[in-house]
Number of protein chains: 2
Amino acid sequence: MKTYIGVDLGGTNVRVALVDEHGTVLQDKKEASEVDKGVPYVIQKIIRLIESLDNYENAEGIGMGVPGPVDTVAGKIVVTNNLPGFAGEPLAQMIQDHFKKPTFMDNDVNVAGLGEATLGAGKGKSIVYYITVSTGIGGALMIDGKVIAGKHGHAGELCNIVVDRNREARNGLAAGALENEASGTAITRKGKELFGDSIEHAGDVFQLAADGNEQALELVDSVAYDLAQGFAATALVIDPDIFVLGGGVMKSKEIFFNRFHNYFKELVFPGMRDIEFAYAQLDEPGIVGAAMLPLAYIKNK
Amino acid sequence: MKTYIGVDLGGTNVRVALVDEHGTVLQDKKEASEVDKGVPYVIQKIIRLIESLDNYENAEGIGMGVPGPVDTVAGKIVVTNNLPGFAGEPLAQMIQDHFKKPTFMDNDVNVAGLGEATLGAGKGKSIVYYITVSTGIGGALMIDGKVIAGKHGHAGELCNIVVDRNREARNGLAAGALENEASGTAITRKGKELFGDSIEHAGDVFQLAADGNEQALELVDSVAYDLAQGFAATALVIDPDIFVLGGGVMKSKEIFFNRFHNYFKELVFPGMRDIEFAYAQLDEPGIVGAAMLPLAYIKNK
């Protein structure tokens, strides 16, 4: 049995795991990431955590998921808000220098998408576009089991696709940017505008709509259309076999997903209406997907 | 020297050529395609044209470019307006059965893009998005020298990306579809609305703008923004190394391209502003690209 080490470095926690080639997590460890203590400290922590895994020395390679765009060639984080002080650091190289094992790094959305594409809902499909709709909206493109991160690691930055230029610009994105109109955060914001502070998250809006509230239904319908436009643009660019859906927002099936899906089918060509949609299946796409990075890269080299 | 046979089957003419691995056209033949005479007649014509090429029997393989989406697995044209009666016909298979050479088919935009990606402006780049802006707007994605045609052959059908939903729906596309707002046809239509029938094509609008006509300048600016939004959406989905630009509309450099490019840079993330733009370089991307199909597929198998 071949094994791989996955590292999931977030702003709050860092997790490492030993994962087999089928995506089973054999063992994992977690600690606070303490990114404020700087790059050398965090790298030493990751090394120590990996060395605490049984049989880590037999793993084929190491994969790391980190927030923000990654220069996958140099193994650096290019830009990141969640890991201050880490931009431009060759994290993967540092880990590789220590363990003498092939080490790869990519952003956390790409890594989760890779996990879903190779072992989860997209398994066996050629072109998989993973899109997560939660606090924000991000995507990842996998073709034949390999992440296509783009020239700058920005492939899948769907958050800034403009779905209606006549909206207000927010959060440094373009006016009418997808993320500001159709993310969980956006639904909450729009819900608060209509119903006040009784709305704490997107689920509250969906519940009102499910209860038959007309205003809530209109809001859900409008957001479904905005989201469908973003997905349709993506489909027209790449025509994937399947969209794998991450994030909690998409799971409100009857109220939201069906409207979204119908609008999507209106906005693409008739021949594309059978593009599949599936919910993400992995319990831990971040750590499993990270562990799949060396498999994806070694296989494709 | 390895050689390949390219076939460019259009609604008006069919061309065949013997092309070497560097994209040099060694010999070519052209006839009226006479598609109204049906599939068997046209296939026989193509066979006869190929057999009239010197040393055709030494070619490594055959590639065909046809209008409209193509099912690249089965080698069929899926939908086509320009070749009535040809939808669903396994044209590539028919040619392959005769010559016993590997034969591949793709749509004409993908084929032109492949030519540009492998031998023209995109040579040596990993992710190339070819976009042609002329009568219509279409694109083609090449990754590492292979066409990514999508599940249904619809990757690159950028014509229906919505750039402003508050416009009038036309030509069976969504309201505000890119092709209806920023193609050569669209510029001509909008020019006629402003200036009457003195406008015969997009170049007349560009000329008026270059002469300082304020209305024409506003129109050029507005179209440049619409087009930039379509390109920005594409960039956010795939983050290419380079956009290769086909079609006459993009060549009006000072008046149109600079505005377009500035808006594009506004609409993507700062890290993506250096995505390259280059004009298509091949004199005959259709026939050369078709001849490169077997090279792309054989190499990648």
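Residues numbered from 1 in each chain as written. Chains lettered and ligands numbered in written order. Predicted model: local features only at pLDDT ≥ 70, side-chain atom pairs only at ≥ 80, totals over all residues. Heavy atoms only, no water.

Naming follows an unreviewed UniProt entry, where chain A appears as Glucokinase of Breznakia pachnodae. You can read under Sequence similarities (unreviewed entry) in the UniProt record for chain A the words "Belongs to the ROK (NagC/XylR) family." (UniProt positions renumbered as here; feature names shortened; annotations may be inferred.)

Describing the domain arrangement of chain A
Residue and element names in this part refer to chain A. Parsing chain A into structural domains produces domain 1 (3-114 + 283-300) and domain 2 (124-279). If you average the C-alpha positions of domain 1 and of domain 2, the two centres end up 28 Å apart. Across the domain 1 to domain 2 interface the summed buried area is about 1100 Å²; carbon plus sulfur atoms make up 62%. Connecting domain 1 to domain 2 are zero salt bridges. In this structure, the connection of domain 1 to domain 2 is made through zero residue pairs in polar contact (both at pLDDT 80 or more). Listing elements by their share of the side of domain 1 that touches domain 2, those giving two or more residues are strand S7 (103-107), helix H3 (108-119) and helix H9 (285-300). With five residues, H3 is the single largest residue contributor to the side of domain 1 that touches domain 2. Split by residue class, the side of domain 1 that touches domain 2 holds seven nonpolar, five polar and two charged. (Domains from an automatic or database assignment. Buried area = accessible area lost by both parts, 1.4 Å probe. Salt bridge = Lys/Arg side-chain N within 4 Å of Asp/Glu carboxyl O. Polar contact = N/O pair within 3.5 Å; in protein donor to acceptor, adjacent residues only side chain to side chain. Helix = DSSP H or I, 4+ residues; strand = E, 2+ residues; numbered from the N terminus. Nonpolar A, V, L, I, M, F, W, Y, C, P; charged D, E, K, R; others polar.)

A closer look at helix H2 (residues 91-99) of chain A
All names here are of chain A. Looking at H2, one finds that the buried residues are Leu 91, Ala 92, Ile 95 and Phe 99. All buried residues of H2 project into a common sector of 100° when viewed along the axis, lining one side. Those residues of H2 hidden inside the fold are in contact with strand S1 (3-9), helix H1 (39-51), strand S4 (62-66), strand S6 (76-77) and S7. Immediately downstream of H2, the backbone of Lys 100 shows phi near 55°, a positive value. (Buried < 20%, exposed > 50% of the residue type's maximum accessible area, 1.4 Å probe, protein only. Arc of directions from axis to C-beta. Contact = heavy atoms within 4.5 Å.)

A word on empty space enclosed by the protein
Evaluated as defined, the whole model comprises one cavity of 30 Å³ or more. For the largest cavity, the calculated volume is near 140 Å³. As for the largest cavity, its lining consists of 18 residues, of which Ile161(A), Val162(A), Ala233(A), Ile161(B) and Val162(B) are closest to the centre. The residue makeup of the lining of the largest cavity, split by class, is 13 nonpolar, five polar and no charged. (1 Å grid on protein atoms, 1.4 Å probe; cavity = no way out; pocket = protein on both sides within 12 Å on 5 of 7 lines; lining within 4 Å. Points joined across faces, edges and corners; volume = space filled by probe spheres on them.)

A look at the interface of chain B and chain A
If you look at the interface, chain B gives 44 residues, while chain A gives 44 residues. Both faces considered, chain B and chain A share a buried interface measuring about 3400 Å² in area, 58% of it formed by carbon and sulfur atoms. A per-residue breakdown of the area chain B buries against chain A is headed by Lys151(B), Arg165(B) and Val237(B), which together make up 22% of the total. Across the chain B-chain A interface, the total number found is three salt bridges. A salt bridge links Arg165(A) to Asp164(B); its shortest N-O distance comes to 4.0 Å.

Some points on the sheet that holds strand S11 (residues 242-246) of chain B
Residue and element names in this part refer to chain B. Spatially, S10-S9-S8-S11-S12 is the arrangement adopted by the five strands of the open sheet, whose pairing is mixed. Two strands close off the open sheet at either side, each with one partner strand: strand S10 (146-147) and strand S12 (276-279). Helix H7 (residues 214-238) contacts strand S8 (127-133), strand S9 (137-143), S11 and S12 of the sheet and is inclined by roughly 160° relative to S8. (Pairing = 2+ DSSP bridges. Axes fitted to C-alpha atoms, helices over the stretch in contact; angles between N-to-C directions.)

Some words on the pattern of salt bridges
Throughout the structure, instances matching the rule amount to 36 salt bridges over all chains. With a shortest N-O distance of 2.9 Å, Asp226(A) and Arg167(A) are connected by a salt bridge. Pair noted here: Asp226(A) is in helix H7 (residues 214-238) and Arg167(A) is in the loop between strand S10 (146-147) and helix H4 (178-182), with a separation of 59 residues, a long-range link. Relative accessible area serves as the criterion here: at 0%, Asp226(A) is assigned to the buried category. Across the pair Glu31(B) and Lys45(B) runs a salt bridge whose closest N-O atoms are separated by 3.2 Å. With Glu31(B) in strand S3 (residues 25-32) and Lys45(B) in helix H1 (residues 39-51), this residue pair connects regions lying 14 residues apart in the sequence. Judged by its relative accessible area of 4%, Lys45(B) is buried. A single salt-bridge network, built from bridges that share partners, covers Asp164(A), Arg167(A), Glu181(A), Lys190(A), Asp226(A) and Arg165(B).

Remarks on the layout of surface pockets
All names here are of chain B. Approximately 1200 Å³ is the volume attributed to the second largest pocket. Taken together, 40 residues form the lining of the second largest pocket, with Gly 68, Asn 82, Val 109, Glu 157 and Glu 179 sitting closest to its centre. Residue assignment for the lining of the second largest pocket shows that the elements contributing at least two residues are strand S1 (3-9), helix H3 (108-119), S8, S9, helix H4 (178-182), helix H5 (184-195) and helix H9 (285-300). Of the residues forming the lining of the second largest pocket, the biggest block, four residues, is contributed by H3. Here the lining of the second largest pocket is composed, by residue class, of 14 nonpolar, 21 polar and five charged. Structurally, the lining of the second largest pocket is a two-domain feature, drawing no fewer than three residues from each of domain 1 (3-114 + 283-300) and domain 2 (124-279).

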